[in-house]
Amino acid sequence: MALRRSYTATVERNVIWKGEFASEPYEAAWASEAIFFVRALEVSPDFAGTARVQISADGIHWVDEGATFDLPPNKDQVAFCKVSHFGGFLRFIGTLEPDNQITVLVSLALKE
């Protein structure tokens, strides 16, 4: 039995999101499954926000994959989203209300 290949990439570190946001895209064509982990380093009071996963064949032109998830509402909490059957590149995007902002650490765990 072969050991499955895996890799975890930090795609955002100490980044402040407000208004429209997008994570850095990451090329993951070799992987068969992925999990986005979003850790809240700081959040505005009464924070609430969601994100939606996007896929791309070239890292330039994006389409919604269909998965959505809530961002962590409190400092030091972690949210995650599992994705499979994706194209060559992954990212997620969203729009926060004007009074909301979040500072994040985002990791992408990939496995073949």
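Use the structure listed above.
So, how was this worked out
- Residues numbered from 1 in each chain as written.
- Predicted model: local features only at pLDDT ≥ 70, side-chain atom pairs only at ≥ 80, totals over all residues.
- Heavy atoms only, no water.
- Helix = DSSP H or I, 4+ residues; strand = E, 2+ residues; numbered from the N terminus.
- Rg over C-alpha atoms; globule rule 2.2 N^0.38 Å.
- Buried < 20%, exposed > 50% of the residue type's maximum accessible area, 1.4 Å probe, protein only.
- Phe/Tyr/Trp six-rings, centres within 6.5 Å; stacked < 30°, edge-to-face > 60°.
- Lys NZ or Arg CZ within 6 Å of the ring centre and 35° of its normal.
- Pairing = 2+ DSSP bridges.

1. Let's talk about the overall build of the protein
Logical step 1: Counting secondary structure elements, the protein contains zero helices and nine strands.
Logical step 2: The order of α-helices and β-strands along the protein, N terminus first, is β-β-β-β-β-β-β-β-β.
Logical step 3: Relative to the 2.2 N^0.38 estimate, which gives 13 Å for 112 residues, the radius of gyration of the protein is 14 Å and therefore close to what a compact globule would have.
Logical step 4: Dimensions of the protein along its principal axes, counting C-alpha atoms only, are 50 × 30 × 20 Å.
Logical step 5: When burial is assessed residue by residue, the protein has 40% of its 112 residues classed as buried.

2. Observations concerning the packing of aromatic side chains
Logical step 1: Tallied over the full model, the rule gives five aromatic pairs.
Logical step 2: Taking the centre distance of 5.6 Å and the plane angle of 85° together, the rings of Trp 17 and Phe 92 count as edge-to-face. You can see Trp 17 sitting in strand 1 (residues 6-18) and its partner Phe 92 sitting in strand 8 (residues 89-95), a full 75 residues away along the chain. Take Trp 17 and Phe 92: they sit in the same class, and that class is buried.
Logical step 3: Look at Phe 69 and Phe 92: their rings are 5.3 Å apart centre to centre, the planes differ by 75°, and that puts the pair in the edge-to-face class. Taken together, the residues span a long stretch of sequence, with Phe 69 in strand 6 (residues 63-70) and Phe 92 in strand 8 at a distance of 23 residues.
Logical step 4: Overall, the relative accessible area of 0% leaves Phe 92 in the buried class.
Logical step 5: By the ring-pair criterion, three or more aromatic residues cluster together here, those being Trp 17, Phe 21, Phe 36, Phe 69 and Phe 92.
Logical step 6: Cation over ring: Arg 5 sits above Trp 30, and NZ or CZ is 4.2 Å from the ring centre.

3. Section: the pairing of strand 6
Logical step 1: Of the pairings in the sheet, the one linking strand 5 (residues 50-56) to strand 6 comprises five bridges and is antiparallel in character. Bridging from a neighbouring strand, Arg 52 pairs with Thr 68 of strand 6.
Logical step 2: Between the antiparallel neighbours strand 5 and strand 6 lie six residues, among them Gly 59 with a positive phi of about 80°.

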